[in-house]
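# Architecture at a glance
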Amino acid sequence: VQLVESGGGMVQPGGSLRLSCAASGFTFSDYEMIWVRQAPGKGPEWVSRINTGGGDTYYSDSVKGRFTISRDNAKNTLYLQMNSLKPEDTAVYYCKATETLGRKTYDYWGQGTQVTVGT
């Protein structure tokens, strides 16, 4: 099982980045996908979630209206389009795959990609 994030980098405030998360080793389309971020010195923050089919999406209040989550099940890839970036968006961004079968939950995490917003 592998989740590999990419697309991070440094951008000026107001700029945009598109993160990708490439999945392998499991049935991607069976898993809800989540983006989580962790800023320096802070705990993890849930950012966005998308259901297995991609039709239902959810966002934290801090990114709503600026970020868009999507997925391409044919390509086993999750995306996060980030617009109007702010310095407070600076964090390591992780993708997470989650599936609950009965009382058991299966979670897989990527290694993270750094996003830095600043001048």
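## Description of the state of the cysteines
All chains considered together, the criterion is met by one disulfide. The disulfide that involves Cys21 links it to Cys95, with 2.0 Å between the sulfurs. Here Cys21 and Cys95 share a disulfide; its torsion about the S-S bond, 60°, makes the bridge right-handed. Placement of Cys21 in strand β3 (residues 17–24) and of Cys95 in strand β9 (residues 91–101) is noted, with a sequence separation of 74 residues between them.

## A few points about the pattern of salt bridges
By the definition in use, this model includes six salt bridges. A salt bridge links Asp107 to Lys96; its shortest N-O distance comes to 3.8 Å. With Asp107 in strand β10 (residues 104–109) and Lys96 in strand β9, this pair connects stretches of sequence that are 11 residues apart. Through salt bridges with shared partners, a single network forms among Arg37, Glu45, Arg66 and Asp89.

## Some thoughts on the sheet that holds strand β1 (residues 2–6)
In sheet architecture, strand pairing relies on hydrogen bonds along the backbone and comes in two forms, parallel and antiparallel. Overall, antiparallel pairing links the four strands, which are arranged β1-β3-β8-β7 in an open sheet. Single-partner strands in this sheet number two, and they are β1 and β7 (67–72). With direction set aside, neighbouring strand axes in the sheet form an average angle of 15°. Here five bridges tie β1 to β3, and the two strands are oriented antiparallel to one another. Within β3, the residue paired with Glu5 across the bridge is Cys21.

## What to know about the packing of aromatic side chains
Applying the stated criterion across every chain yields a total of four aromatic pairs. Ring centres of Phe26 and Tyr31 lie 4.9 Å apart, and the angle between their planes is 75°; on these two criteria the pair is classed as edge-to-face. The class of Phe26 is buried, set by a relative accessible area of 13%. A residue is classified by how much of its surface remains accessible, and Tyr31, at 6% relative accessible area, is buried. Taken together, a centroid distance of 5.3 Å and an interplanar angle of 45° make the contact between Phe26 and Tyr108 tilted. Note that Phe26 is positioned in the loop between β3 and β4 (32–38) and Tyr108 in strand β10, a separation of 82 residues in sequence. Across from the ring centre of Tyr79, 4.0 Å away, lies the NZ or CZ of Arg18, which sits over that ring. When the ring centre of Phe28 is taken as origin, the NZ or CZ atom of Arg71, which lies over that ring, is 4.4 Å away.

## A short note on the layout of surface pockets
In this approach a probe as big as a water molecule rolls over the atoms, and the regions it shows empty are the leftover space. By volume, the largest pocket amounts to about 150 Å³. Along its surface, the largest pocket is lined by Arg37, Ala39, Lys42, Gly43, Glu45, Glu88, Asp89, Thr90 and Ala91. Residue composition of the lining of the largest pocket, by class: two nonpolar, two polar and five charged.

Reading the values: rules and limits
Residues numbered from 1 in each chain as written. Predicted model: local features only at pLDDT ≥ 70, side-chain atom pairs only at ≥ 80, totals over all residues. Heavy atoms only, no water. Disulfide = S-S within 2.5 Å. Helix = DSSP H or I, 4+ residues; strand = E, 2+ residues; numbered from the N terminus. Salt bridge = Lys/Arg side-chain N within 4 Å of Asp/Glu carboxyl O. Pairing = 2+ DSSP bridges. Axes fitted to C-alpha atoms, helices over the stretch in contact; angles between N-to-C directions. Phe/Tyr/Trp six-rings, centres within 6.5 Å; stacked < 30°, edge-to-face > 60°. Buried < 20%, exposed > 50% of the residue type's maximum accessible area, 1.4 Å probe, protein only. Lys NZ or Arg CZ within 6 Å of the ring centre and 35° of its normal. 1 Å grid on protein atoms, 1.4 Å probe; cavity = no way out; pocket = protein on both sides within 12 Å on 5 of 7 lines; lining within 4 Å. Points joined across faces, edges and corners; volume = space filled by probe spheres on them. Nonpolar A, V, L, I, M, F, W, Y, C, P; charged D, E, K, R; others polar.

Distances and angles like these do not, on their own, reveal function.
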